[in-house]
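So the chains spell out like this:
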Amino acid sequence: MVLAMTLLSGVAWTVVYVFAIRIGFQQRTYAIPAAVLALNIAWETIYASRGLATADFSVQTFVNLAWAVADVLIVYTYLRYGRRELPAFVSRPLFVGWSILIFITAYIVQWLFVIEFGWVDAPKYAAFLQNLLMSILFIAIFVARRGPRGQSIVIAVAKWIGTLAPTIAFGALAGSMFILGLGILCSVFDLAYVGLLIWARPSRVLEPVDRARARTLSVTAAETSTP
């Protein structure tokens, strides 16, 4: 059962990464929130390297390796197009410096998990915490972009399944309340995000703040001038 859930999670997350790469290049943006992207590639490279170094040729090791390779391409889309998503005052040097800080911090955080919890528990605890962060940030990125640009219902559903499978394996079946609780919270936000993308048809893309504010001001002015 655990092997089946691991394989299901591996396939689902691979779908997430493939569609994130595709959308990133098609729409000239990045499809995974930057903070979680940094945590993901740090997690995957650390544990894939650990597996290969210790001759742990398990399914999870090769899944981690495949994810790491895919994440390199997603990181490329972030570095190439990410500055466009930020305010104009964010210069290229500032964007580069900020990105370096994010990725260095992600590696430090992952190593702190290893130091604190060891090689057995650290990957599970870190993975579920960053999964919860990703579930929340997907909704935040929808709001920040005022619509589903750079996002996909396929990514949303695959992300949900990819997290639900290990929740069952390491939470419900293994009896870890910590993992089970985080996994349930992930599902809550993942399903909310799926519902948001279904709701967000092209006609319902949110207006830019300035345009909405200008419309509100014009309506107010018209009402004020009316005798």
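Residues numbered from 1 in each chain as written. Predicted model: local features only at pLDDT ≥ 70, side-chain atom pairs only at ≥ 80, totals over all residues. Heavy atoms only, no water.

Bringing the overall build of the protein chain into the picture now. Counting its secondary structure elements, the protein chain contains seven helices and zero strands. Mapped from its N terminus to its C terminus, the protein chain presents α and β elements in the order α-α-α-α-α-α-α. Among the 227 residues that make up the protein chain, the fraction classed as buried is 41%. In the protein chain, once contacts between residues fewer than 6 apart in sequence are set aside, the share between residues at least 24 apart is 77%. (Helix = DSSP H or I, 4+ residues; strand = E, 2+ residues; numbered from the N terminus. Buried < 20%, exposed > 50% of the residue type's maximum accessible area, 1.4 Å probe, protein only. Contact = heavy atoms within 4.5 Å.)

This brings us to a nonpolar patch on the surface. On the surface, a nonpolar cluster with roughly 430 Å² of combined accessible area is contributed by Leu8, Ile153, Val154, Val157, Ile161 and Ile198. Following the sequence through the fold, Ile161 ends up in helix α5 (residues 153-173). (Patch = residues over 30% accessible without salt bridge, like charges linked within 9 Å, V, L, I, M, F, W, Y side chains within 5 Å. Areas by Shrake-Rupley, 256 points an atom, 1.4 Å probe, with all protein chains shown as cover. Salt bridge = Lys/Arg side-chain N within 4 Å of Asp/Glu carboxyl O.)

Once that is clear, we can look at the pattern of salt bridges. Oppositely charged side chains can form a pair if their charged atoms are brought close together. In total, this model carries four salt bridges according to the counting rule given. The closest approach of N and O atoms between Arg149 and Glu85, which form a salt bridge, is 2.7 Å. With Arg149 in the loop between α4 (92-145) and α5 and Glu85 in the loop between α3 (59-81) and α4, the pair connects residues that are 64 residues apart, well separated along the chain. Since its relative accessible area comes to 38%, Arg149 is described here as partly exposed. Lys159 is the partner of Asp190 in a salt bridge, and the nearest nitrogen-oxygen pair spans 3.2 Å. Pair noted here: Asp190 is in helix α6 (residues 177-199) and Lys159 is in helix α5, with a separation of 31 residues, a long-range link. Each member of the salt-bridge network shares a partner with another, and the members are Glu85, Arg145 and Arg149.

In this section: the packing of α3 against α4. Between two packed helices, what matters for the description is the angle formed by their axes and the separation of those axes. It is the contact of α3 with α4, at a shortest axis distance of 10 Å, that shows an interaxial angle of 150 degrees. Taken together, the axes of α3 and α4 are roughly antiparallel relative to one another. When α3 is examined against α4, the residues Val75, Tyr78 and Leu79 are found in contact with a partner set consisting of Phe95, Trp98, Ser99, Ile102 and Phe103. Class assignment for the residues of the contact of α3 with α4 results in seven nonpolar, one polar and no charged. (Axes fitted to C-alpha atoms, helices over the stretch in contact; angles between N-to-C directions. Parallel < 35°, antiparallel > 145°, perpendicular 65-115°, else oblique. Nonpolar A, V, L, I, M, F, W, Y, C, P; charged D, E, K, R; others polar.)

Take the nonpolar core next. Counting 46 residues, the largest nonpolar core has Val16, Tyr17, Ile32, Ile74, Tyr78, Phe138 and Ile155 as its most contacted members. Contributing elements (two or more residues each) for this core: α1 (2-27), α2 (34-53), α3, α4, α5 and α6. Ranked by the residues each element gives to this core, the list is headed by α4, at 13 residues. Beyond its immediate stretch of four places on either side in the chain, Ile32 contacts Val16, Ala20, Leu37, Ile74, Met134 and Phe138. In this structure, Phe128, Leu132, Ile179 and Cys186 belong to the second largest nonpolar core, which totals five residues. (Core = buried A, V, L, I, M, F, W, Y, C linked by side-chain atoms within 4.5 Å.)

This part covers the packing of α1 against α5. One way to put it is that α1 packs onto α5 with a least axis distance of 8 Å and a crossing angle of 160 degrees. Classified by the angle between their axes, α1 and α5 sit roughly antiparallel to one another. Crossing angle aside, the handedness with which α1 passes α5 is left-handed. Of α5, the residues touching α1 (which contributes Val2, Met5, Leu8, Ser9, Ala12, Trp13, Val15, Val16, Phe19, Ala20 and Ile23) are Val154, Ile155, Ala158, Lys159, Ile161, Gly162, Thr163, Ala165, Pro166, Ile168, Ala169 and Phe170. The class makeup of the residues in the contact of α1 with α5 is 19 nonpolar, three polar and one charged. (Left-handed = near helix turned anticlockwise from the far one by under 90°.)

Our next topic: the side chain of Asp190. Given a relative accessible area of 4%, Asp190 falls into the buried group. Only 3.2 Å separates the side chain of Asp190 from the side chain of Lys159, close enough to count as a polar contact. (Polar contact = N/O pair within 3.5 Å; in protein donor to acceptor, adjacent residues only side chain to side chain.)

Bringing the side chain of Thr29 into the picture now. Here Thr29 is to be found in the loop between α1 and α2. Among the polar contacts listed, one links the side chain of Thr29 to the side chain of Glu85, at a separation of 2.6 Å. Here Thr29 is in contact with Gly24, Thr77, Tyr81, Glu85, Arg145, Arg149 and Gly150, once residues within four sequence places are set aside.

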